[in-house]
Amino acid sequence: MITAHSENYVITTSQASIDSDGGTLETDRDVKIEGKKFNLEGKGMIADNNEQKVRILNNVKATFHH
């Protein structure tokens, strides 16, 4: 398993391509993102650290906590 930590969330997936120069992380595998106030699950992800964007590509399930 691969786990990537940020200040606001943790991303877990079984395999990913990481471009440290470009600041991107991509996977076509199942992915789970756990934040302080939310959980996301889906299949496939593109994360761009430079633009601070994370896109879950398919079968997205989200749970938000108050």
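Above this text is the structure in question.
The text that follows walks through the structure, step by step, so that each part is easy to find. (Residues numbered from 1 in each chain as written. Predicted model: local features only at pLDDT ≥ 70, side-chain atom pairs only at ≥ 80, totals over all residues. Heavy atoms only, no water.)

**Observations regarding the layout of surface pockets**
For the largest pocket, the calculated volume is near 370 Å³. Along the wall of the largest pocket there are 19 residues; nearest its centre are Ser6, Tyr9, Ile11, Ala47 and Asn49. Those elements that provide at least two residues to the lining of the largest pocket are strand S1 (2-5), strand S2 (9-13), strand S3 (17-19), strand S4 (24-35), strand S5 (38-48) and strand S6 (53-64). Counted by class, the lining of the largest pocket contains 7 nonpolar, 8 polar and 4 charged residues. (1 Å grid on protein atoms, 1.4 Å probe; cavity = no way out; pocket = protein on both sides within 12 Å on 5 of 7 lines; lining within 4 Å. Points joined across faces, edges and corners; volume = space filled by probe spheres on them. Helix = DSSP H or I, 4+ residues; strand = E, 2+ residues; numbered from the N terminus. Nonpolar A, V, L, I, M, F, W, Y, C, P; charged D, E, K, R; others polar.)

**Let's talk about the nonpolar core**
Ranked by size, the top nonpolar core spans 8 residues in total: Ile11, Leu25, Val31, Ile33, Leu40, Met45, Ala47 and Ile56. Put simply, the parts of the chain that give this core at least two residues each are S4 and S5. Excluding anything up to four places from it in sequence, Met45 contacts Ile11, Leu25, Glu26, Thr27, Val31, Ile33, Val54, Arg55, Ile56 and Leu57. (Core = buried A, V, L, I, M, F, W, Y, C linked by side-chain atoms within 4.5 Å. Buried < 20%, exposed > 50% of the residue type's maximum accessible area, 1.4 Å probe, protein only. Contact = heavy atoms within 4.5 Å.)

**Points about unusual backbone geometry**
Residues apart from glycine generally show negative phi values, whereas peptide bonds are mostly found in trans. Of note in the backbone geometry, Gln52 takes a positive phi value of approximately 55° without being a glycine. Mapped onto the fold, Gln52 is located in the loop between S5 and S6. Even without being a glycine, Asn59 presents a positive backbone phi close to 50°. Residue class for Asn59 comes out exposed when judged on its relative accessible area of 65%.

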